[in-house]
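Here are the chains, one letter per residue:
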Amino acid sequence: MNTKAKKDLPLGTTETYSTMHKWLQRALFVCLTCLVIEGAFTLPGIAIWMGWPTLSLQQICSELEKVRYSDDSRECIYPYPLFGPSEGAGQTTAKDVWGIQPKPLYRRIGFRDLVRFRDERLARQAAEKKKQTEAPDDGTQAPVAAPAP
Amino acid sequence: MTTLTKSAGFGGYDAHQIASQAAQRRADYWMISGTLLMGCAVLGLIGLPLFFRGIWLQSQAAKAGLTMRPTIVTLIGYLVIIDSALNSIGWTLDLFAHHTLINRVLTTGWGAMFDGGYFWHYNELWLGGAGAPGEKAWEISLIPVLFCARMAAAIGLLQMKRWGQQWLIVTCWMGMIVWFGYNTNMTIFADVRYSHITFPVWGWWLYDIWYITPFLSLPYLHTVNREIFSD
């Protein structure tokens, strides 16, 4: 009998399970470390992925709502009334394939996509506004069908 | 390795016990401080070195011949507390603080990246928060029942109490049921959970695999010599 090996075992560990306990301990170390590092980086990581600091947290919140409900007019109300109804209650714009197992149809959000979505929307809105204001001045009008003889 | 110091003479055993308790308490102060910070998620990087300092102190004291808690018991106890704390943060935010700005960025952002259940029709349910099928039931049942019980059991285990070991076995088996039940729910409603998500399925597993604490704890808790835990 190897008395030295037996003597070196941790309290409560028998020789039969010593290898398993050793590997469990290593896995526990890895799990704890990864869990803590992941927990520490989750909030800043998500904020950066979603567009911070280019976008403020409230702007990120608004952009997420626009994607979620497929509605460019959504804005993140903050601070939200304490006993107000849920912000999305009664909305009718979100897109899904409805059924017993519904399937959402919102857009996938890649790295800094919310910044791009916002820039594109603002450019689109500015172009539409410009078009509306310039239309009467340049004398061009929508073609009108010639009157019937 | 934990051994009894061969203190000779009258009162040697008592002196050894007192020195061991003091050393364990000193190490635990570091580990408790670290765990409090690590359980807050974002402060984890400050807590981790404090925790490892405690582990190192415990190991040094054991090497010096004092009777210390086995390292694996220490790791299981504190990991269960951290796991429960981190789970509780996310789910409590979703359950009670669903309209706060931080939650609407953190939770729905996380949902858009890893789990559509936290993005799909979010804050539309009258209760607020996630509206994915079954999700609210998991939150309401697991926060007060499972996570609180697991934390209490882990504290008992760290105090080397028999009830701590027994209750950690019970709550780790509950954790197993949660893992199987939760993943089955996610699989059945996979379209809601993973459609148009940045990192679907593999991303969720990569993010959540570190919460497999019950799977690592149970083999030890069932094979350890339970006589080391006192009544």
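None of these values were measured; they are calculated from a predicted model. (Residues numbered from 1 in each chain as written. Chains lettered and ligands numbered in written order. Predicted model: local features only at pLDDT ≥ 70, side-chain atom pairs only at ≥ 80, totals over all residues. Heavy atoms only, no water.)

## Quick look at the overall build of chain A
Logical step 1: Along the backbone of chain A there are 4 helices and 2 strands.
Logical step 2: Counting helices and strands in the order they occur from the N terminus, chain A gives α-α-α-β-β-α.
Logical step 3: Classification of the 149 residues of chain A by burial places 34% in the buried group.
Logical step 4: For chain A, restricting intrachain contacts to residue pairs at least 6 apart in sequence, the fraction spanning at least 24 positions comes to 45%. (Helix = DSSP H or I, 4+ residues; strand = E, 2+ residues; numbered from the N terminus. Buried < 20%, exposed > 50% of the residue type's maximum accessible area, 1.4 Å probe, protein only. Contact = heavy atoms within 4.5 Å.)

## Remarks on the nonpolar core
Logical step 1: Ranked by size, the top nonpolar core spans 88 residues in total, and within it L32, M50 and L114 of chain A together with Y220 of chain B carry the most contacts.
Logical step 2: Take this core: its biggest share by element is 13 residues, from helix α3 (residues 71-96) of chain B.
Logical step 3: Those residues in contact with Y220 of chain B that lie beyond four places of it in its chain are L11, T13, H21 and L24 of chain A together with I72, V73, I76 and I228 of chain B.
Logical step 4: Core analysis: the second largest hydrophobic core is formed by 5 residues, A23, A61, L66 and M68 of chain B among them. (Core = buried A, V, L, I, M, F, W, Y, C linked by side-chain atoms within 4.5 Å.)

## With respect to the packing of aromatic side chains
Logical step 1: All told, the structure shown has 22 aromatic pairs over all chains when counted by the stated rule.
Logical step 2: Measuring from centroid to centroid gives 5.9 Å for W91 of chain B and Y182 of chain B, while their planes differ by 45°, and the two rings are tilted. Of this pair, W91 of chain B sits in helix α3 while Y182 of chain B sits in helix α6 (residues 162-188), placing them 91 residues apart in sequence.
Logical step 3: Overall, the relative accessible area of 10% leaves W91 of chain B in the buried class.
Logical step 4: An aromatic cluster is present here, built from W91, W138, F147, W179, F180, Y182, W204, W205 and F215 of chain B joined pairwise through their rings.
Logical step 5: Just above the ring of F117 of chain A sits the side chain of R107 of chain A; from NZ or CZ to the centre is 3.8 Å.
Logical step 6: In this structure, R53 of chain B is placed above the aromatic ring of W30 of chain B, and the distance from its NZ or CZ to the ring centre is 4.9 Å. (Phe/Tyr/Trp six-rings, centres within 6.5 Å; stacked < 30°, edge-to-face > 60°. Lys NZ or Arg CZ within 6 Å of the ring centre and 35° of its normal.)

## What to know about the state of the cysteines
Logical step 1: One pass over the full model with this rule turns up 1 disulfide over all chains.
Logical step 2: Paired through a disulfide, C61 of chain A and C76 of chain A show a sulfur-sulfur distance of 2.0 Å. Every disulfide takes its handedness from the sign of the S-S torsion; for C61 of chain A and C76 of chain A that torsion is 75°, giving right-handed. On the criterion of sequence distance, the pair formed by C61 of chain A in helix α3 (residues 57-68) and C76 of chain A in the loop between α3 and β1 (96-97) is long-range, its members being 15 residues apart. Here C61 of chain A matches C76 of chain A in class, with each residue buried.
Logical step 3: We note that C34 of chain A lacks a disulfide partner, and the nearest cysteine sulfur, in C31 of chain A, lies 7.1 Å from it.
Logical step 4: Take C172 of chain B: it sits in no disulfide, and the sulfur closest to it among the cysteines is that of C31 of chain A, at 12 Å.
Logical step 5: A relative accessible area of 0% places C172 of chain B in the buried class. (Disulfide = S-S within 2.5 Å.)

## Quick look at the pattern of salt bridges
Logical step 1: Scanning all chains against the criterion turns up 16 salt bridges over all chains.
Logical step 2: Taking the shortest distance from any N to any O, the salt bridge between D83 of chain B and R150 of chain B comes out at 4.0 Å. Of this pair, D83 of chain B sits in helix α3 while R150 of chain B is found in helix α5 (residues 135-158), placing the two residues 67 residues apart along the sequence.
Logical step 3: A relative accessible area of 2% means that D83 of chain B is categorised as buried.
Logical step 4: A salt bridge links R162 of chain B to E227 of chain B; the shortest N-O distance between them is 3.8 Å. Here E227 of chain B lies in the segment after α9 (213-223) and R162 of chain B lies in helix α6, a separation of 65 residues in the sequence.
Logical step 5: A relative accessible area of 13% places R162 of chain B in the buried class.
Logical step 6: One network of salt bridges, with partners in common, ties together E65, R68, R74 and E87 of chain A together with R104 of chain B. (Salt bridge = Lys/Arg side-chain N within 4 Å of Asp/Glu carboxyl O.)

## Concerning the interface of chain A and chain B
In many reports, interface size means the accessible area that the parts give up when they come together.
Logical step 1: The interface of chain A with chain B comprises 65 residues on the first partner and 62 residues on the second.
Logical step 2: Close ionic contact of R104 of chain B with E87 of chain A constitutes a salt bridge, the shortest N to O distance being 2.8 Å.
Logical step 3: Within the residue set of the side of chain A that touches chain B, elements represented by two or more residues are α2 (18-50), α3 and β2 (103-104) of chain A.
Logical step 4: In terms of residue count, α2 of chain A provides more of the side of chain A that touches chain B than any other element does, 25 residues in total.
Logical step 5: By residue class, the composition of the side of chain A that touches chain B is 42 nonpolar, 13 polar and 10 charged. (Nonpolar A, V, L, I, M, F, W, Y, C, P; charged D, E, K, R; others polar.)

## Things to note about the domain arrangement of chain B
Residues and elements named next belong to chain B.
Logical step 1: For chain B, the assigned domains read domain 1 (8-68) and domain 2 (69-231).
Logical step 2: Here domain 1 and domain 2 have C-alpha centroids that lie 27 Å from each other.
Logical step 3: Between domain 1 and domain 2, the residue contacts involve 14 residues of the former and 11 residues of the latter.
Logical step 4: Taken together, the two surfaces of domain 1 and domain 2 that pack against each other cover about 960 Å², and 65% of this comes from carbon and sulfur.
Logical step 5: Summed over the three residues of domain 1 that lose the most area to domain 2, namely T35, G39 and Q58, the buried surface amounts to 38% of that side.
Logical step 6: At the junction of domain 1 and domain 2, the tally comes to 1 salt bridge.
Logical step 7: Inspection of the domain 1/domain 2 interface yields 5 residue pairs in polar contact (both at pLDDT 80 or more).
Logical step 8: At the level of secondary structure, the elements contributing two or more residues to the side of domain 1 that touches domain 2 comprise α1 (12-38) and α2 (44-63).
Logical step 9: Considering each element in turn, the side of domain 1 that touches domain 2 owes the most residues, 6 residues, to α1.
Logical step 10: For the side of domain 1 that touches domain 2, the residue count by class is 8 nonpolar, 5 polar and 1 charged. (Domains from an automatic or database assignment. Buried area = accessible area lost by both parts, 1.4 Å probe. Polar contact = N/O pair within 3.5 Å; in protein donor to acceptor, adjacent residues only side chain to side chain.)

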